[in-house]
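Remarks on the overall topology
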Amino acid sequence: MENKNRFKVVGVIGAGTIGIGVAQNLAQKNISVVLLDITEVKLKEAKARIQQNVRLYSIYSKEKNKIDVNEVLNFIKFTTNYQELENVDYIIENVTENWEIKKQVYSKINSICTESTVFAANTSCISITKIAHIVDNPERVIGVHFMNPVPLKDSVEVIKGVLTNDKTISVTNDLLSKMKKDSIVINDMPGFVSNRLMTFMINEAAFLVQENVASASDIDNILKNSYAQTMGPLETADLIGIDTILHSMEVLYDSFKDGKYRPCPLLYKMTQAGMLGRKSGQGFYKYNTNF
Ligand SMILES: NC(=O)c1ccc[n+]([C@@H]2O[C@H](COP(=O)([O-])OP(=O)(O)OC[C@H]3O[C@@H](n4cnc5c(N)ncnc54)[C@H](O)[C@@H]3O)[C@@H](O)[C@H]2O)c1
């Protein structure tokens, strides 16, 4: 299929923190989306969050035109049925950062989708080459590492697996450009560039809290005031999700077998307590969860 004919419908798997941002961004650019998650409860929550986020986007984005929430939602089909992905020609997978879960999802879409469907993994740390190994035609698997909140971030880290072919890269760049994103194409290595650096810094900041060296807000303020960062590492951790940061550190630790990637025990404690950051209302900071 010619690139210009693609993207009538894009499948987005996983309607969590990042999946809803990807679906919103596509829908705002008039691309139809099939947004899939495992329960109706998750989908209901995703719809409410997208409604709220479109309103926030209208306030914070540089775009002049007002965006109609209902028009955006009309581009999104919410479903728990994998069979709905049968006819999409591009899939962006955003399920939990857990190898066993991802493995099952790729086996499933491999059996449902056509041979030419591109599979883009939005993972924080898992190797794209390892994911590609699960499916037939591994050359159509690529990494697209979006940043949160997706509609407000200008660039996407695109990861070329060992077998990813040029056509897959070109189709991906084409889709990202329709989403008004700049692609930065890099080679595959667990954690890529952004998470190898960012997750590592967040983990070290969590150690500083655990060791009672400084409070979360003091750590964030030192980074913001001294290094001109707009967000501190622990605010960023809350935005990404504490469980996702923990899973990412575990992937780095397992992949490199290097003690410098040891996950901070405080991240385990917070995850076990359900203190997952913004999405649960409490992380290193407290949030209002009404939406
Ligand atoms: N949060 C971020 O800022 C961020 C940024 C870039 C990439 N990522 C990556 O994106 C992926 C998702 O992260 P997240 O933060 O959105 O996590 P999340 O926990 O907020 O959402 C994950 C979603 O996947 C769903 N899910 C689980 N198993 C599924 C299945 N079998 N089929 C369909 N849906 C399923 C869950 O119900 C949940 O809604 C991870 O791989 C993460 O590393 C996250």
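What counts and what doesn't
- Residues numbered from 1 in each chain as written.
- Predicted model: local features only at pLDDT ≥ 70, side-chain atom pairs only at ≥ 80, totals over all residues.
- Near = placed C-beta within 6 Å.
- Helix = DSSP H or I, 4+ residues; strand = E, 2+ residues; numbered from the N terminus.
- Nonpolar A, V, L, I, M, F, W, Y, C, P; charged D, E, K, R; others polar.
- Axes fitted to C-alpha atoms, helices over the stretch in contact; angles between N-to-C directions.
- Parallel < 35°, antiparallel > 145°, perpendicular 65-115°, else oblique.
- Contact = placed C-beta atoms within 7 Å.
- UniProt positions renumbered as here; feature names shortened; annotations may be inferred.
- Left-handed = near helix turned anticlockwise from the far one by under 90°.
- Pairing = 2+ DSSP bridges.
- Expected span 1.5 Å × (residues − 1).
- Buried ≥ 20, exposed ≤ 12 C-beta atoms within 10 Å, placed from the backbone.
- Arc of directions from axis to C-beta.
- pLDDT = per-residue confidence, 0-100.
- Core = buried A, V, L, I, M, F, W, Y, C linked by C-beta atoms within 7 Å.
- Domains from an automatic or database assignment.

1. Regarding the site of the ligand
Within the structure, the ligand sits among 28 residues, and G14, G16, E97, S124 and N148 are positioned closest to it. Listing elements by their share of the shell around the ligand, those giving two or more residues are α1 (17-28) and α4 (99-112). Here the shell around the ligand is built from residues that sort into 10 nonpolar, 14 polar and 4 charged.

2. What to know about the packing of helix α8 (residues 216-227) against helix α9 (residues 233-240)
Running from amino to carboxyl end, α8 crosses α9 at an angle of 110°, the nearest separation of the two axes being 7 Å. Relative to α9, α8 is oriented roughly perpendicular. Between α8, through A216, I219, D220 and L223, and α9, the contact on the second element is made entirely by P233, L234 and E235.

3. Notes on the UniProt feature "domain: 3-hydroxyacyl-CoA dehydrogenase C-terminal" (unreviewed entry) in the protein chain
According to UniProt, the positions carrying the feature "domain: 3-hydroxyacyl-CoA dehydrogenase C-terminal" (unreviewed entry) are residues 191-287. Secondary structure content for residues 191-287 is 62% helix and 0% strand, and the end C-alpha separation is 28 Å.

4. Things to note about the packing of α1 against helix α2 (residues 40-60)
α2 packs onto α1 with a crossing angle of 55° between their chain directions and a minimal axis gap of 10 Å. In terms of their interaxial angle, α1 and α2 are classed as oblique. In this structure, the crossing between α1 and α2 has a hand that is right-handed. Together, I20, A23 and Q24 of α1 and A46, R49, I50, N53 and V54 of α2 make up the contact between the two elements. Grouping the constituent residues of the contact of α1 with α2 by class yields 5 nonpolar, 2 polar and 1 charged.

5. Observations regarding the sheet that holds strand β1 (residues 9-13)
Taken in spatial order, the 8 strands line up as β3-β2-β1-β4-β5-β6-β7-β8 in an open sheet, and their pairing is mixed. The strands lining the two open edges of the sheet, one partner per strand, are β3 (76-79) and β8 (182-187). Neighbour-to-neighbour, the strand axes of the sheet open up by a mean angle of 25°, direction not taken into account. Pairing geometry for strand β2 (residues 32-36) and β3, over 4 bridges, is parallel. Residue pairing for β3: L36 is matched across the bridge by T79.

6. A few points about helix α6 (residues 166-178)
Compared with the 18 Å implied by 1.5 Å per residue over 13 residues, the 18 Å span of α6 between its first and last C-alpha is a close match. Those residues of α6 that sit buried are T168, V171, T172 and L175. Taken end-on, α6 shows its buried residues confined to a sector of 100°, consistent with a single buried face. Across from the buried face of α6, at angles greater than 90 degrees, the exposed residues are D166, S170 and S177. Phi turns positive one or two residues past the end of α6, at K180, with a value near 65°.

7. Considering the confidence of the model for the protein chain
The pLDDT averaged across the protein chain works out to 94; a share of 97% of its residues lies at or above 70. Two summary scores accompany this predicted model of the complex, namely pTM at 0.89 and ipTM at 0.99.

8. Points about the nonpolar core
Counting residues in hydrophobic clusters, the biggest one holds 74 residues, and the most contacted among them are V10, A23, V33, L35, I91 and A120. Each of two domains, domain 1 (3-187) and domain 2 (196-272), supplies a minimum of three residues to this core. Those residues within four positions of V10 in sequence are excluded, and the remaining contacts are L26, I31, V33, V88, Y90 and I92.

9. Digging into the pairing of strand β7 (residues 155-160)
By the bridge criterion, 3 bridges tie strand β6 (residues 141-145) to β7 in an arrangement that is antiparallel. Pairing of H145 across the sheet is with E157, part of β7. Across 6 bridges, β7 lies against β8 in parallel orientation. Paired with S155 across the two strands is D182, which belongs to β8.

10. Side note on unusual backbone geometry
P149 follows N148 through a cis peptide bond whose omega is -5°. Within the secondary structure, P149 sits in the loop between β6 and β7. Phi is positive for N137, close to 55°, though the residue is something other than glycine. Summarising the element assignment, N137 is placed in the loop between α5 (128-132) and β6. Although it is not a glycine, K257 adopts a positive phi angle of roughly 50°. Topologically, K257 is positioned in the loop between α10 (242-256) and α11 (265-272).

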